[in-house]
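# Coordinate inspection notes
Chain by chain, the residues:
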Amino acid sequence: MDSFNNSIILVVNNIEDSLELLLPNYPIHSTRVIKNEEKDEFQIAQANQAIKEAYIASNDTKYLFLCGATFRIEAQNALLKILEEPPQNVVFIILVSSKNSLLPTIYSRLPYKNLKKSIVKDDINLDIQKIDLKDIYNFIKNHQRITKDEAINIVESILLKINKENIKLNKQELDIFFKSIRLLELNSKPSNILTYLLLSILEREHNK
């Protein structure tokens, strides 16, 4: 599978809450949410719907959210080939309540992120829309000795704050958050990653 496809598995506390958090950051016209409206289980009907939707040609990147607290085995088996070789311009985002709901054959095909902690976060003392270099300097200075997990918590808190303030991010801007978390998980220095992230936000606000 193309490692630059950006498809991902997100393990979350609550599917609906997570959709509310994530969807504002994706283009409405090219984003589809596929879920079982009758029960919180992704079944073969939803898998078939996802496959059909994926093969509808689009010049723009299409984001398919496949959602279920659990995923039926037959549904996962039906998705195997398309996850391994997705059509051009199609990104799959699987939202599930437990990693254990997914077969190893599914899990091995996509990167995985546990967002279960990110639903409830402490608010951070930053005014995102009025941030300046002095704010960034002071914030980094006050968080010089934080751990990797604490830094990840801050990145997720900033994203949640942005959503609460109805600040719309494009795909490239949203990717900065996911890349920051991945770099932290690879043991990059927290202060460097947070500086990069906050400078990206500053640049965004200045270019508005």
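This text follows the structure it describes.
Residues numbered from 1 in each chain as written. Predicted model: local features only at pLDDT ≥ 70, side-chain atom pairs only at ≥ 80, totals over all residues. Heavy atoms only, no water.

## Some points on the overall build of the protein
The number of helices and strands found in the protein is eight helices and seven strands. A globule of 208 residues ought to have a C-alpha radius of gyration of about 17 Å, and the protein, at 18 Å, matches this closely. For the protein, the C-alpha atoms occupy an extent of roughly 55 × 35 × 30 Å along the three principal directions. Out of the 208 residues in the protein, the part that is buried amounts to 48%. For the protein, restricting intrachain contacts to residue pairs at least 6 apart in sequence, the fraction spanning at least 24 positions comes to 82%. In the structure as shown, the protein presents an accessible area of about 11400 Å², 48% of it carried by carbon and sulfur atoms. For the protein, the separation between the mean place of its 27 positive charges and that of its 27 negative charges on side chains is 3 Å. (Helix = DSSP H or I, 4+ residues; strand = E, 2+ residues; numbered from the N terminus. Rg over C-alpha atoms; globule rule 2.2 N^0.38 Å. Buried < 20%, exposed > 50% of the residue type's maximum accessible area, 1.4 Å probe, protein only. Contact = heavy atoms within 4.5 Å. Areas by Shrake-Rupley, 256 points an atom, 1.4 Å probe, with all protein chains shown as cover. Lys, Arg positive; Asp, Glu negative; His and termini not counted. Charge placed at Lys NZ, Arg CZ, Asp CG, Glu CD.)

## Topic: the nonpolar core
Within the largest apolar cluster, 43 residues are counted, with the highest numbers of intra-cluster contacts made by F65, I93, L95, I158, F177, L198 and I201. Mapped onto this core, the elements with two or more residues apiece are β1 (8–11), α1 (15–22), β4 (62–68), β6 (90–96), α5 (133–142), α6 (148–164), α7 (171–185) and α8 (190–206). At seven residues, the largest contribution of residues to this core is made by α6. Apart from residues no more than four positions distant in its own chain, F177 is found in contact with V155, I158, L159, I162, L169, L197 and I201. I9, F42, L66 and L110 belong to the second-largest nonpolar core, a separate cluster that totals 22 residues. (Core = buried A, V, L, I, M, F, W, Y, C linked by side-chain atoms within 4.5 Å.)

## Some points on the side chain of T31
When you line up the elements, T31 lands in strand β2 (residues 31–35). Within polar-contact distance, the side chain of T31 engages the backbone oxygen of P27 at 2.6 Å. Excluding anything up to four places from it in sequence, T31 contacts L23, Y26, Y63 and F65. (Polar contact = N/O pair within 3.5 Å; in protein donor to acceptor, adjacent residues only side chain to side chain.)

## A short note on unusual backbone geometry
Comment: phi is negative for the bulk of residues other than glycine, and the bulk of peptide bonds are trans. Backbone geometry places N89, a non-glycine residue, at a positive phi of 65°. Here N89 shows up in the loop between α3 (73–84) and β6. With relative accessibility at 27%, the residue N89 sits in the partly exposed group. For N166, which is not glycine, the phi torsion reads 60° and is therefore positive. With respect to the helices and strands, the residue N166 is situated in the loop between α6 and α7. By relative accessible area, which is 58% here, N166 ends up exposed.

## Things to note about the sheet that holds β4
Taken together, five strands build an open sheet; the order of strands is β2-β4-β6-β1-β7 and the sheet is parallel. Both edges of this open sheet fall to β2 and β7 (112–114), since each of them pairs with a single strand only. Sheet twist, expressed as the mean angle between neighbouring strand axes with direction ignored, is 20°. The pairing of β1 with β6 spans four bridges and is classified as parallel. Across the sheet, residue L10 finds its bridge partner in β6, namely L95. Each of β2, β4 and β6 is contacted by helix α2 (residues 44–54), which is oriented at about 160° to β2, the strand it contacts most. (Pairing = 2+ DSSP bridges. Axes fitted to C-alpha atoms, helices over the stretch in contact; angles between N-to-C directions.)

## Looking at the packing of aromatic side chains
In this structure the tally under the stated criterion is four aromatic pairs. Seen from their ring centres, Y26 and F65 are 5.2 Å apart, and the 90° between their planes marks the pair as edge-to-face. Within this pair, whereas Y26 is found in the loop between α1 and β2, its partner F65 is found in strand β4, the two being separated by 39 residues in sequence. Given the relative accessible area of 0%, F65 is considered buried. Ring plane angle 55° and centroid distance 5.2 Å describe the contact between Y107 and Y112, whose orientation is recorded as tilted. An aromatic cluster is defined as three or more aromatic residues linked by ring pairs; in this entry it consists of Y26, Y63 and F65. (Phe/Tyr/Trp six-rings, centres within 6.5 Å; stacked < 30°, edge-to-face > 60°.)

## Details of α6
Across its 17 residues, α6 extends 24 Å between first and last C-alpha, which sits within 8% of the 24 Å expected from 1.5 Å per residue. With 12 of 17 residues buried, α6 lies mostly within the body of the structure. Where α6 is concerned, the buried positions are A151, I152, I154, V155, E156, S157, I158, L159, L160, K161, I162 and N163. Looking at the residues trailing α6, positive phi occurs at N166, about 60°. (Expected span 1.5 Å × (residues − 1).)

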